Amino acid sequence: MTNSPQTDGIVAGRLDDATLAAHFDDLYPILDDHEARVAADRCYFCHDAPCITACPTAIDIPLFIRQIQTGQPDGAARTILSQNILGAMCARVCPTETLCEGACVRNEAEGNPVEIGRLQRYATDGLLLANEHPFTCAPETGKTVAVIGAGPAGLSAAHRLAMLGHAVTLYDARPKAGGLNEYGIAAYKAANGIAQAEVDWLLRIGGITVKTGQALGAGLTLDGLKAEYDAVFLGIGLQGVNALRVTGEELPFVRDAVDFIEELRQAEDKAALHIGRNVVVIGGGMTAVDAAVQSRLLGAEHVSIVYRRDREAMSASDYELDHAATEGVSILTNAMPVEITAAGVTFAYTRSGPKGLEKTGETFTLKADQVFKAIGQTLEGQPEALKTEGGKIVIDTAGRTSVTGVWAGGDCAAGGEDLTVTAVAQGRDAALDIHRALCP
């Protein structure tokens, strides 16, 4: 180790290999058999379970927990995966505290929900480790479907379409399939290669041809795809990044947080990654939290998240913000950037006024040798023929776009909520509607 957290500038090797390995291991270890049984025993097995309603993929949560309780973890995994084929990653990255666990009636009884997320991971990880795939393809329909984007929505759609007997070609612009799960989730949430392991497992169903390094608009056109395939599903995500629009944004030490997270996820040697001593992350969502926490885990001495509104307006959950705080990240609210210089980032304090957010007239400066922008992503590269609204592709409840024969889902589409689990649900439901359209 040649540097330390106190080394000035943006440098590599702030922490030794053993410390980095511990920092980027699983945040929470998998439950063992006894722990899983104990956790399952806490479920009331509600008849009208609110946790099911709160789950975007509508997993029968009481059923799979009962299966764990009775010693049938593989059966529990099948229950989960029949609704959410990316159940292993969702068990790690879903905001369960605001979804299923947030709706758990145990919260009313004792303020502590059933550990649904960890139980889901226990069941699905077991099936993945056994390399068993419980689903098979139906007889071939003779129909072909192009799926553009191998992220959660695209993978979910492709798997369901293959199950229904359609021949699927899955395209993605990147070198590997996985999308957000592979490139955009904090490394400590997807440790030990789980994202790729889940993709490899999913593809074992067969009937899916994967073509990487091919992006929509770069050799692939919507008209060409429609002519070649019977149906098209778009799960292209959000490729653009919003600009700060402040002086100094172009300085070399200012980076997009999504690029930083991707670099970290793909790095074989985390000690070789360069990180600043004083890091400032601008934004209030999960990308901001992931960038900030991982900056600390790489050895940055001082890391701050700064958001222009109050904490209640931040899209990151209280659970994630509290976790960031426990990792030593400072969270500052009601402040917006006005200038970036070599000395740091100058912020103006803000307040809600009669015309919306306004500056108070007071400013402060945070020392920064590295700045990450995490103020949201935008839709880019979508075909002009598609109707868009609010920066998203307009779809109906079945995922149909304004162009006949084209469906969409995930972050690129309206209603996606920028959640992996919602993308999975949209991909699955669009696949079912495609099947109905192709095989009436």
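It should be noted that the structure appears before, not after, this text.
One structure accompanies this document, and this report is about it. Along each chain, numbering runs from 1 in the same order as the chain's sequence is written. Only residues with pLDDT of at least 70 get local features here, since the model is predicted, and only at 80 or more are side-chain atom pairs given and counted; chain-wide, interface and lining totals rely on the full set of residues. For side-chain calculations, the full set of non-hydrogen atoms in the structure is used, while hydrogens and water are omitted.

## Considerations on the overall build of the protein chain
Using the following cut-off: Secondary structure follows DSSP: runs of H or I at least 4 residues long count as helices, runs of E at least 2 residues long count as strands, and numbering of each begins at the N terminus. Atoms considered for the radius of gyration are the C-alpha atoms alone. The globule rule reads 2.2 Å times the number of residues to the power 0.38. The contact criterion used throughout is that any non-hydrogen atoms of two residues lie within 4.5 Å. Surface exposure here means Shrake-Rupley accessible area, sampled with a 1.4 Å probe, where a residue is shielded only by the protein chains that are shown.
Helix and strand content of the protein chain: 17 helices and 19 strands. Against the globule reference of 22 Å for 440 residues, the protein chain gives a C-alpha radius of gyration of 22 Å, in line with a compact fold. Projected onto the principal axes, the alpha-carbon positions of the protein chain cover approximately 65 × 55 × 50 Å. Taking the intrachain contacts of the protein chain between residues at least 6 apart in sequence as the baseline, contacts between residues at least 24 apart amount to 69%. Surface exposure of the protein chain reaches about 19000 Å², of which carbon and sulfur atoms provide 48%.

## Focus on the sheet that holds strand S12 (residues 335-341)
Put simply, the rule reads: At least two DSSP bridges between two strands are required for those strands to pair. Between the N-to-C directions of two axes lies an angle of 0 to 180 degrees, each axis being a line fitted to C-alpha atoms and, for a helix, fitted only over the stretch in contact.
Across the sheet, which stays open at both edges, the three strands sit in the order S12-S13-S14 with antiparallel pairing between neighbours. At either end of the open sheet lies a strand with only one pairing partner, and these are S12 and strand S14 (356-366). Adjacent strand axes in the sheet meet at a mean angle of 25° when their direction is disregarded. Sheet topology note: the S12/strand S13 (residues 344-353) ladder contains six bridges and is antiparallel.

## Let's talk about a nonpolar patch on the surface
Heads up, the condition is: Patch building starts from residues that exceed 30% relative accessible area and form no salt bridge, then joins like charges within 9 Å and nonpolar side chains (Val, Leu, Ile, Met, Phe, Trp, Tyr) within 5 Å. Should a side-chain nitrogen of Lys or Arg be within 4 Å of a carboxyl oxygen of Asp or Glu, the pair is scored as a salt bridge.
Where nonpolar side chains cluster on the molecular surface, the patch consists of Leu27, Tyr28 and Tyr319 and spans about 260 Å² of accessible area. Topologically, Tyr28 is positioned in the loop between helix H1 (17-23) and helix H2 (33-41).

## Digging into the packing of aromatic side chains
To keep it simple, the criterion reads: Centre distance within 6.5 Å is the pairing criterion for rings of Phe, Tyr and Trp, where only the six-membered ring of Trp is used; planes under 30 degrees apart are then read as stacked, over 60 as edge-to-face, and the remainder as tilted. Throughout, exposure labels follow a simple rule: accessible area from a 1.4 Å probe, protein chains only, divided by the maximum for the residue type, with under 20% read as buried, over 50% as exposed, and the rest as partly exposed. A ring is scored as having a charge over it whenever the NZ atom of a lysine or the CZ atom of an arginine sits within 6 Å of its centre and within 35 degrees of its normal.
A full pass over the atoms with the stated rule returns four aromatic pairs. With a centroid separation of 4.9 Å and 40° between ring planes, the pair formed by Tyr349 and Phe364 is classed as tilted. Of this pair, Tyr349 sits in strand S13 while Phe364 is found in strand S14, placing the two residues 15 residues apart along the sequence. Note on Phe364: relative accessible area 17%, which makes it buried. Site record: aromatic cluster; members linked through ring pairs are Phe347, Tyr349 and Phe364. When the ring centre of Phe45 is taken as reference, the NZ or CZ atom of Arg66 above it lies at 3.7 Å. In this arrangement the basic side chain of Arg174 is found over the ring face of Tyr183, its NZ or CZ atom lying 4.5 Å from the centre.

## Examining the nonpolar core
Within soluble globular proteins, side chains that are nonpolar tend to cluster in buried spots. Rules: We call a set of buried residues a nonpolar core when its members are Ala, Val, Leu, Ile, Met, Phe, Trp, Tyr or Cys and they connect through side-chain atoms within 4.5 Å of each other.
With 67 residues, the main nonpolar core has Ile61, Phe64, Ile65, Ile68 and Leu119 as its most contacted residues. If you tally residues by element for this core, the top one is helix H17 (residues 420-438), at seven residues. For Ile61, the contacting residues outside a window of four places in its chain are Cys51, Ile52, Cys55, Cys100 and Ile116. Of all hydrophobic cores here, the second largest spans 34 residues; its members include Leu15, Phe24, Ala271 and Leu321.

## Here we look at the side chain of Lys189
Structurally, Lys189 is set in the loop between helix H11 (180-183) and helix H12 (194-202). Residue class for Lys189 comes out buried when judged on its relative accessible area of 11%. Filtering out sequence-adjacent residues up to four positions away, Lys189 remains in contact with Arg92, Val93, Met286, Asp290 and Glu320.

## Some remarks on helix H15 (residues 286-297)
Short version of the rule: A helix is expected to span 1.5 Å for every residue after the first.
End to end, H15 covers 16 Å across twelve residues, agreeing with the expected 16 Å (1.5 Å per residue, within 8%). Of all the twelve residues making up H15, nine are buried; the element is thus mostly covered by neighbouring parts of the structure. Here H15 has its buried residues at Ala288, Val289, Asp290, Ala291, Ala292, Val293, Gln294, Ser295 and Leu297. Just downstream of H15, Gly299 is the residue with a positive phi angle, here 115°.

## Looking at the environment of Asp223
Positionally, Asp223 belongs in helix H13 (residues 222-228). Separated by 160 residues in the primary sequence, Asp223 and Pro383 place their C-alpha atoms 9.3 Å from one another.

## Here's the deal with the side chain of Gln426
Going by this rule: The term polar contact refers here to a pair of N or O atoms within 3.5 Å; inside protein, the definition further demands a hydrogen-donor-capable atom paired with an acceptor-capable atom, and it admits residues adjacent in sequence only when both atoms are side-chain atoms.
You can see Gln426 is positioned in helix H17. Here the side chain of Gln426 touches Ala414 through a polar contact of 3.3 Å, landing on its backbone oxygen.

## Quick look at unusual backbone geometry
Phi angles above zero are rare outside glycine, and Ala58 is one such case at about 55°. Within the element layout of this structure, Ala58 appears in the loop between helix H3 (50-54) and helix H4 (61-69). In this structure Ala58 comes out as partly exposed when scored by relative accessible area, which is 36%. In this structure, Asn131 takes a positive phi of about 60° despite not being glycine. Note on placement: Asn131 falls in the loop between helix H9 (116-129) and strand S2 (144-148). When its relative accessible area of 42% is taken as the criterion, Asn131 is described as partly exposed.

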